[in-house]
Amino acid sequence: MKELLFKKGAYKTPASDISLLSGMLPSFSFYSKLFWIVLKSSSLAKRSRYDTKDWAQSSLEVLRALESVGIKFIISGLNHIKSLDGPCIFVANHMSSLETMTLPAIIAPFKDLTFVVKKSLVDYPVFRHVMRSRDPITVSRTNPREDLKTVLEGGTQRLMAGRSIVIFPQSVRVLDVDPKNFGTIGIKLAKKAGVPIIPVALKTDAWGNGKYLKDYGKIAPSKAVYFEFGAPIFIKGRGNEEHDEIIEFIAGRLMEWEE
């Protein structure tokens, strides 16, 4: 899998033909494939037969399913993950379900990882078995003080055990970055645990948010998917400058991708 995605620190979906069905009904075609991927993964996880390697593989299958309906991935900065020894915190903006489903395919071949997620995800029908098997850090999103304590304690334990963590500091999925709503929880955890942060800028609105079921929105092959990983950032002092640096990196990439 490393050879598949990591070539000179970048990956770009190769040109290929798509089927008539995928071209006419991309959402139907993709979700049909996703259903079986999740069902298979959940079955393995329920029987405690689903490890990080399996997670990376099923995540790659999701990525390939998206490509099969015409979505193009453009991923860069992978060398920053490959060259960094030890665990780290990935701090990213949050736009759709796509990043949650595909980031393991990119990161897990090189670093064991888990996510900070809403408690509702570990109770999600079928998918809950997969999520629970990854030992995530669960937060309520209703009690900031308690959530911070949970992340600092649980995050430090996992990082000390060698497991990296993905954090989305924005409380909701949005298309831009508002510094006022971009939390510092990643900074605080990195400082406490003494590990670096790798900032992640992403544009994933090709997988839309649904009107009634937020996780199942329209699939838009006309929109490319972008991921860029920045250089590791080590926290000094209170971390204010590093926090601004992360926001500047993400906001800057989003502006470039909109041009």
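Below is a summary of the structure that appears in this document.

The rules behind these values
- Residues numbered from 1 in each chain as written.
- Predicted model: local features only at pLDDT ≥ 70, side-chain atom pairs only at ≥ 80, totals over all residues.
- Heavy atoms only, no water.
- Helix = DSSP H or I, 4+ residues; strand = E, 2+ residues; numbered from the N terminus.
- Rg over C-alpha atoms; globule rule 2.2 N^0.38 Å.
- Buried < 20%, exposed > 50% of the residue type's maximum accessible area, 1.4 Å probe, protein only.
- Contact = heavy atoms within 4.5 Å.
- Areas by Shrake-Rupley, 256 points an atom, 1.4 Å probe, with all protein chains shown as cover.
- Lys, Arg positive; Asp, Glu negative; His and termini not counted.
- Charge placed at Lys NZ, Arg CZ, Asp CG, Glu CD.
- Patch = residues over 30% accessible without salt bridge, like charges linked within 9 Å, V, L, I, M, F, W, Y side chains within 5 Å.
- Salt bridge = Lys/Arg side-chain N within 4 Å of Asp/Glu carboxyl O.
- Axes fitted to C-alpha atoms, helices over the stretch in contact; angles between N-to-C directions.
- Parallel < 35°, antiparallel > 145°, perpendicular 65-115°, else oblique.
- Left-handed = near helix turned anticlockwise from the far one by under 90°.
- Nonpolar A, V, L, I, M, F, W, Y, C, P; charged D, E, K, R; others polar.
- Expected span 1.5 Å × (residues − 1).

## Some remarks on the overall build of the protein
So, point 1. When helices and strands are tallied, the protein shows 10 helices and eight strands.
So, point 2. On C-alpha atoms alone, the protein measures out to a radius of gyration of 18 Å, which is about the 18 Å that the 2.2 N^0.38 rule sets for 259 residues.
So, point 3. Dimensions of the protein along its principal axes, counting C-alpha atoms only, are 55 × 45 × 40 Å.
So, point 4. Buried residues in the protein amount to 53% of all 259 residues.
So, point 5. Sequence separation of 24 or more characterises 77% of the internal contacts of the protein that already satisfy a separation of 6 or more.
So, point 6. Carbon and sulfur atoms make up 54% of the accessible area of the protein, which totals about 13,000 Å².
So, point 7. Side chains of the protein give 37 positive and 27 negative charges; the mean places of these two sets differ by 6 Å.

## Structural notes on a negative patch on the surface
So, point 1. A cluster of acidic residues, Glu-241, Asp-244, Glu-245 and Glu-248, forms a negative patch on the protein surface.
So, point 2. Relative to the assigned elements, Glu-248 resides in helix 10 (residues 240-258).

## Brief notes about the packing of helix 4 (residues 52-68) against helix 6 (residues 97-107)
Think of two packed helices as two axes; the pair is described by the angle between the axes and how far apart they sit.
So, point 1. Where helix 4 meets helix 6, the closest approach of the two axes is 6 Å, and the angle between their N-to-C directions is 120°. Of the possible angle classes, the one that applies to helix 4 and helix 6 is oblique. Note on packing geometry: the crossing formed by helix 4 with helix 6 is left-handed. Residues Trp-55, Ala-56, Ser-59, Leu-60, Val-62, Leu-63 and Leu-66 of helix 4 form the contact with helix 6, whose participating residues are Leu-98, Met-101, Thr-102, Leu-103, Pro-104 and Ala-105.
So, point 2. Split by residue class, the contact of helix 4 with helix 6 holds 11 nonpolar, two polar and no charged.

## As for helix 3 (residues 26-46)
So, point 1. Over its 21 residues, helix 3 extends 30 Å from the first C-alpha to the last, a length consistent with the 30 Å expected when each residue adds 1.5 Å.
So, point 2. For helix 3, the set of buried residues is Pro-26, Ser-27, Ser-29, Phe-30, Tyr-31, Leu-34, Ile-37, Val-38, Ser-41, Ser-42 and Ala-45.
So, point 3. Backbone geometry just after helix 3 places Ser-48 at a positive phi near 60°.

Purely geometric numbers; function is a separate question.
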